[in-house]
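Read off the chains here:
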Amino acid sequence: MKRLRARLTGLKQLWRCIGLQNRIFWRTPIAAFFTLVFPILMLVLFTAIFGNDDFDSVYGRVTSSQFYTPGLAVYAAASSTYTGIGITLASRRELGILKRVRGTPLPGWAYLGGVVISAVWIAAVGVTAMVLLGVAAYGVNIEAAKIPAMIVTFAVGTASFAALGLALSSLARSVSMAVPAANATLLPLAFISDIFVPFGSDIPLWLDVLGDIFPLKHFGRAFSEAMSPFSEAPAFEWHRLAILLAWLVVGALVAARKFSWEPPVLAGRTGRRQRRSIRAASPAVAD
């Protein structure tokens, strides 16, 4: 009976942490803009600039909106989980927030779970908004029989990038390291993973191989195949999901070994001066 009560108490604490993290996100307009609004603006701009005509892609001959909608939805999900979790936790560690949380009765798993689940929920909002816009405004194809593949791909992909976000926050000991590390890894991969540029067979071999190594390409391809008019239902890309699960394991192992609640010691920077430098480096991260 005591164990049951303890578990119920832990679940209540987890639920409260999720709600708290969500409120922090929505009260940080710049974070909401770059996570949710920016990918939607990119879809509108790409379709306006390149038109919505058919062109040859790795998925067959599709319209611009059919190509960009699933790709940018995946980018929004990766941004919410990988970038959001990595920068947020690195900043809060440096500010001493994680250390203070660790000193309270709140279980560490509940706090981290709140951060992760909140990021996944925000990713779900971004992906849903992107897909609905594509369907309503541009006539993007969705088949009911392929929706389970979309849901499973989203779940596996966001779990993988959430684990990598935890790994990023563990390896980047300060927010000044986490911000460039997140941008320097996610943005270049988006260009070689059929997210921003429809290379198709024209991409150089070494870039194609490099994209195959990392998870963003597999996330994007699996989600796009679930929305492709040329794929057969149920359209599960099992080998790509397996690669995403492998990256999930890598991220989880790195986070388990390297994650720290203690702030780093920065020579020459203490107290108010250190906090000002952190906020200047990452204005999107709230306390």
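Reference entry: report on the structure contained in this document.

About the criteria used
Residues numbered from 1 in each chain as written. Predicted model: local features only at pLDDT ≥ 70, side-chain atom pairs only at ≥ 80, totals over all residues. Heavy atoms only, no water. Helix = DSSP H or I, 4+ residues; strand = E, 2+ residues; numbered from the N terminus. Rg over C-alpha atoms; globule rule 2.2 N^0.38 Å. Buried < 20%, exposed > 50% of the residue type's maximum accessible area, 1.4 Å probe, protein only. Contact = heavy atoms within 4.5 Å. Lys, Arg positive; Asp, Glu negative; His and termini not counted. Charge placed at Lys NZ, Arg CZ, Asp CG, Glu CD. Axes fitted to C-alpha atoms, helices over the stretch in contact; angles between N-to-C directions. Parallel < 35°, antiparallel > 145°, perpendicular 65-115°, else oblique. Nonpolar A, V, L, I, M, F, W, Y, C, P; charged D, E, K, R; others polar. Core = buried A, V, L, I, M, F, W, Y, C linked by side-chain atoms within 4.5 Å. Phe/Tyr/Trp six-rings, centres within 6.5 Å; stacked < 30°, edge-to-face > 60°. Polar contact = N/O pair within 3.5 Å; in protein donor to acceptor, adjacent residues only side chain to side chain.

Each helix and strand in the chain was counted, giving 11 helices and 2 strands. Listing every helix and strand of the chain by position from the N terminus yields α-α-β-β-α-α-α-α-α-α-α-α-α. The C-alpha atoms of the chain give a radius of gyration of 20 Å, which matches the 19 Å a tight globule of 287 residues would have. The principal-axis extent of the C-alpha atoms belonging to the chain is close to 55 × 50 × 35 Å. A total of 287 residues make up the chain; the buried ones form 49% of that total. Residue pairs in contact within the chain that sit at least 24 positions apart in sequence constitute 80% of those at least 6 positions apart. Looking at the chain, you have 27 positive and 14 negative side-chain charges, and the mean spots of the two groups are 27 Å apart.

This paragraph deals with the packing of helix α8 (residues 205-213) against helix α9 (residues 215-227). The N-to-C vectors of α8 and α9 enclose an angle of 85°; their axes lie 5 Å apart at closest approach. Regarding the angle of α8 to α9, the classification is roughly perpendicular. On α9, the residues touching D208, G211, D212 and I213 of α8 are P215, K217 and H218. In terms of residue class, the contact of α8 with α9 is made up of 2 nonpolar, 2 polar and 3 charged.

Let us look at the nonpolar core. Counting residues in hydrophobic clusters, the biggest one holds 48 residues, and the most contacted among them are L72, F196, L216 and F223. For this core, the secondary structure elements donating two or more residues are α2 (29-50), α3 (64-94), α5 (108-138), α6 (147-171), α7 (175-191), α9 and α10 (238-258). The biggest single contributor to this core is α3, with 11 residues. With residues near it in sequence (within four places) discarded, F196 still touches M42, F46, Y68, L72, Y75, L187, A190 and F191. Counting 16 residues, the second-largest nonpolar core is a separate cluster that includes I85, Y111, A162 and A255.

Let us now look at the packing of aromatic side chains. Summed over the entire model, instances satisfying the criterion amount to 14 aromatic pairs. Plain terms: the ring middles of F25 and W26 are 5.1 Å apart, the flat faces sit at 80° to each other, and that makes the pair edge-to-face. By relative accessible area, which is 12% here, F25 ends up buried. On the numbers, 4.7 Å between centres and 15° between planes, the contact of F236 with W238 is stacked.

What follows concerns the side chain of S174. On the secondary structure map, S174 appears in the loop between α6 and α7. Here the side chain of S174 touches S176 through a polar contact of 3.0 Å, side chain to side chain. If near-sequence neighbours (up to four positions away) are discounted, S174 is found in contact with A90 and E94.

By themselves, these observations are geometric and do not establish any function.
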